[in-house]
Amino acid sequence: MPLSRHFPVIPTRPFAACLFGGLLALAPAAQAEEAGSNARWVSDSLNTYVRSGPTDGYRIVGTLSSGQKVELLRSQGDYSQVRADNGNAVWIPSRDLQAVPGQAERLPQLEQQVAELSAELKGIDDAWKARVQGMQETLDSRKTLIDELQAARSGLDSELTMARAELRDAQAQLGEEQQQVLMRYMVYGGGIAGAGLLLGLILPTMLRVKRKRNDQWF
């Protein structure tokens, strides 16, 4: 009777494959308690029949499926007596038994763990994407504010340049007006000085003439 074998589908995502490999490596430690009992599993590489006794001379009484769980009853030589699900006690080479569940039994649990970890990783990834998006929005708002401030600064620089040009024009105009006022003061002052000099020359002459006239009346 041929042995039945089942080949599970392995997840193709890279992170799922990594998780799957890690879980496979940790599976024996996770089942140490169960391995310490009388529970045994038919080896995944089984290619033999079970017999009615503990040597190759006993007749073949059937087969056990790869990964099938059995109960270890006792060992003798190179054979072990086990009890299958149907309650029959048969002998199988000890090398075809293992103390941990086979791949067929472990894979569903591992796949469930991979699915849970994948969901957790997706949640972390979504949270990180949301955080990155929030940071990007903050950066965009700050960039917009910086652009507005730079535009305002450019406007103020233009106004400052215009104000400086107007100030230079006003200072130049003020300098010209000051020169004109100074010239007016100089002309006015010169006129006053000339008039005073003229009066200083004419007034004594007039006074002498007046005195002569007064002297003539006497």
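Parameters at a glance
Residues numbered from 1 in each chain as written. Predicted model: local features only at pLDDT ≥ 70, side-chain atom pairs only at ≥ 80, totals over all residues. Heavy atoms only, no water. Helix = DSSP H or I, 4+ residues; strand = E, 2+ residues; numbered from the N terminus. Buried < 20%, exposed > 50% of the residue type's maximum accessible area, 1.4 Å probe, protein only. Contact = heavy atoms within 4.5 Å. Areas by Shrake-Rupley, 256 points an atom, 1.4 Å probe, with all protein chains shown as cover. Salt bridge = Lys/Arg side-chain N within 4 Å of Asp/Glu carboxyl O. Core = buried A, V, L, I, M, F, W, Y, C linked by side-chain atoms within 4.5 Å. Pairing = 2+ DSSP bridges. Patch = residues over 30% accessible without salt bridge, like charges linked within 9 Å, V, L, I, M, F, W, Y side chains within 5 Å.

Enquirer: Would you mind going over the overall build of the protein chain with me for this structure?
Expert: Counting its secondary structure elements, the protein chain contains three helices and seven strands. When its helices and strands are written in sequence order, the protein chain yields α-α-β-β-β-β-β-β-β-α. Relative to its 218 residues, the protein chain shows a buried fraction of 18%. Put simply, of all contacts in the protein chain between residues at least 6 apart along the chain, 58% involve residues at least 24 apart. Of the roughly 16,500 Å² of accessible surface on the protein chain, a fraction of 58% belongs to carbon and sulfur atoms.

Enquirer: I'm lost on the pattern of salt bridges in this one. Help?
Expert: Oppositely charged side chains can form a pair if their charged atoms are brought close together. Enumeration over the complete set of coordinates arrives at five salt bridges. Between Asp126 and Lys122 there is a salt bridge, with the nearest N and O atoms lying 3.0 Å from each other. Placement of the pair is Asp126 and Lys122 together in helix α3 (residues 103-217), with a separation of four residues, close to one helical turn. The residue Lys143 makes a salt bridge to Asp147 at a minimum N-O spacing of 3.4 Å.

Enquirer: What's the story with the nonpolar core in this structure? I'm lost.
Expert: Inside soluble globular proteins, nonpolar side chains tend to come together where they are buried. Among the nonpolar cores identified, the biggest contains ten residues, and these are Val42, Val50, Leu64, Val70, Leu72, Val82, Ala84, Val90, Ile92 and Leu97. Those residues in contact with Val50 that lie beyond four places of it in its chain are Arg59, Ile60, Val61, Gly62, Thr63, Leu64, Val90, Trp91 and Ile92.

Enquirer: I would appreciate a short explanation of the pairing of strand β1 (residues 39-42) in the present structure.
Expert: Walk down a regular strand and you will see the side chains alternate between the two sheet faces. Neither face of β1 is exposed, since Ala39 and Trp41 on one face and Arg40 and Val42 on the opposite face are all buried. Judged from the three bridges that link them, β1 and strand β4 (residues 69-76) form a sheet pairing that is antiparallel. Counted as the bridge partner of Ala39 is Glu71 from β4. Bridge count for β1 against strand β7 (residues 97-98) is two bridges, and the pairing is antiparallel. Each residue of the ladder has a partner; that of Val42, found in β7, is Leu97.

Enquirer: What is the right way to look at the pairing of strand β6 (residues 89-93) in this model?
Expert: With respect to burial, β6 is a largely interior element, four of its five residues being buried. In the sheet, strand β5 (residues 79-83) pairs with β6 via five bridges, with the strands oriented antiparallel. Note on β6: the bridge partner recorded for Arg83 is Ala89.

Enquirer: Sorry if this is basic, but what is going on with a nonpolar patch on the surface here?
Expert: On the surface, a nonpolar cluster with roughly 510 Å² of combined accessible area is contributed by Leu197, Leu198, Leu201, Ile202 and Met206. Among the structural elements, Leu201 can be located in helix α3. Judged by its relative accessible area of 57%, Leu201 is exposed.

Enquirer: Looking at this structure, I do not really get the environment of Tyr49. What am I missing?
Expert: Its location among the elements puts Tyr49 in the loop between β1 and β2 (50-51). According to the relative accessible area criterion, Tyr49 is partly exposed, its value standing at 36%. C-alpha separation for the pair Tyr49 and Leu64, spaced 15 residues apart in sequence, amounts to 7.2 Å.

Enquirer: Hey, could you run me through the environment of Asn38 in this one?
Expert: For Asn38, the location among the structural elements is in the loop between α2 (32-35) and β1. When the C-alpha atoms of Asn38 and Leu72 are compared, they prove to be 5.1 Å apart, with 34 residues separating the residues in sequence. The contact partners of Asn38, leaving out residues within four places of it in the chain, are Val70, Glu71 and Leu72.

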